[in-house]
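Residue-level structural notes
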Amino acid sequence: MPAKGLFFREIRVTDPIAPAPETAPETAIAPETRLIELEARLAEAEARAARLNEDFLRAMAETENTRRRAAEDVARAHKYGIESFASSLLAVRDSLEAALAVPAPTVESLRQGVEITCKQLATAFEKAALSPIDPQGAKFDPHRQQALSQDDSDQDPNTVVAVVQKGYLLNDRVIRP
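About the thresholds
- Residues numbered from 1 in each chain as written.
- Predicted model: local features only at pLDDT ≥ 70, side-chain atom pairs only at ≥ 80, totals over all residues.
- Heavy atoms only, no water.
- Helix = DSSP H or I, 4+ residues; strand = E, 2+ residues; numbered from the N terminus.
- Buried < 20%, exposed > 50% of the residue type's maximum accessible area, 1.4 Å probe, protein only.
- Contact = heavy atoms within 4.5 Å.
- Areas by Shrake-Rupley, 256 points an atom, 1.4 Å probe, with all protein chains shown as cover.
- Pairing = 2+ DSSP bridges.
- Axes fitted to C-alpha atoms, helices over the stretch in contact; angles between N-to-C directions.
- Phe/Tyr/Trp six-rings, centres within 6.5 Å; stacked < 30°, edge-to-face > 60°.
- pLDDT = per-residue confidence, 0-100.
- Parallel < 35°, antiparallel > 145°, perpendicular 65-115°, else oblique.
- Nonpolar A, V, L, I, M, F, W, Y, C, P; charged D, E, K, R; others polar.

Each helix and strand in the protein was counted, giving 3 helices and 3 strands. Secondary structure elements in the protein, listed N-terminal to C-terminal, are α-α-α-β-β-β. Looking at the protein residue by residue over its 177 residues, the buried ones come to 8%. Nonlocal contacts in the protein, meaning residues at least 24 apart in sequence, comprise 58% of its contacts between residues at least 6 apart. When the accessible area of the protein is evaluated, it comes to approximately 16,100 Å², of which 58% is carbon and sulfur surface.

Printed below as a string of structure tokens:
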């Protein structure tokens with residue numbers, strides 16, 4: 001019976017990191033010419049590296065400027081975000097001051113002045129997307145209302161029977177339940 005042997009195949013792998021072996025050029029180049037060529041390539045590479053570095057620095061500066069401008073815009077929005085709402089409220093204040101300036105107002109003139117002022121305030125609220133919540137007779141919603149007490153009533157259970165103070169929404173967000 002023949003002996004069983006192990007056979008190995010020799011595989012030669014070149015190191016991918018190692019530089020490729022230099023092959024002799026077909027034509028001989030003088031060392032001075034080779035040196036001039038290498039210096040030119042080095043100068044070209046240094047110029048390219050300088051351009052890329054300058055481009056990188058410009059991109060970094062532009063990014064920093066954009067970040068700074070965005071932060072300033074956010075700060076301005078926080079500081080002056082209610083400017084239009086405040087402007088709308090100025091008409092309401094003017095109406096109230098005019099009512100107080102009347103020397104001998106009648107009950108009827110005060111009522112008319114309060115109605116006009118209330119309309120101005122409603123217009124200012126509407127412009128600011130501030131809307132009242134009127135749950136009278138509706139099903140109680142704990143996300144939009146606060147219950148003060150429970151009363152016996154002829155209405156269905158969990159129905160709002162009386163409103164003590166209106167709630168308000170600002171762009172569909174409850175600011176006062």
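Attention now moves to the sheet that holds strand E2 (residues 167-170). Here we have 3 strands laid out as an open sheet, ordered E1-E2-E3, and antiparallel in their pairing. At either margin of the open sheet sits one strand with a lone partner, and together these are strand E1 (130-133) and strand E3 (173-176). Between one strand and the next, the sheet's axes are offset by a mean angle of 40°, whatever the strand orientation.

The next thing to look at is the packing of aromatic side chains. Applying the stated criterion across every chain, the model contains 2 aromatic pairs. Between Phe 125 and Tyr 168 the ring centres are 5.7 Å apart and the planes differ by 80°, which places this aromatic pair in the edge-to-face class. Of this pair, Phe 125 sits in helix H3 (residues 107-127) while Tyr 168 sits in strand E2, and the two are 43 residues apart along the sequence. The burial state of Phe 125 is the same as that of Tyr 168; both residues are buried. Each residue in the set Phe 85, Phe 125 and Tyr 168 is aromatic and connected to the rest through ring pairs, giving one cluster.

Scored by pLDDT, the protein comes out at a mean of 85, with 85% of its residues at no less than 70. Within the protein, the lowest mean pLDDT, 89, falls on E3, and the highest, 95, falls on helix H1 (residues 31-80).

Here we come to the packing of helix H2 (residues 83-101) against H3. Interaxial distance between H2 and H3 falls to 9 Å at its minimum, and their mutual angle equals 175°. Taken together, H2 and H3 sit at an angle that is classed as roughly antiparallel. Of H3, the residues touching H2 (which contributes Phe 85, Ser 88, Leu 89, Ala 91, Val 92, Ser 95 and Leu 96) are Thr 117, Gln 120, Leu 121, Ala 124, Phe 125 and Lys 127. Residue composition of the contact of H2 with H3, by class: 8 nonpolar, 4 polar and 1 charged.

Moving on, we get to the pairing of E2. With 4 bridges joining them, E1 and E2 adopt antiparallel strand pairing. Among the inter-strand pairings, Leu 130 is bridged to a residue of E2, identified as Leu 170. When E2 meets E3, the two strands line up antiparallel, connected through 3 bridges. Looking at the pairing, Leu 169 lines up with Val 174 of E3. Linking E2 back to E3 in an antiparallel pair, the connection comprises 2 residues, with Asn 171 at a positive phi of about 50°.

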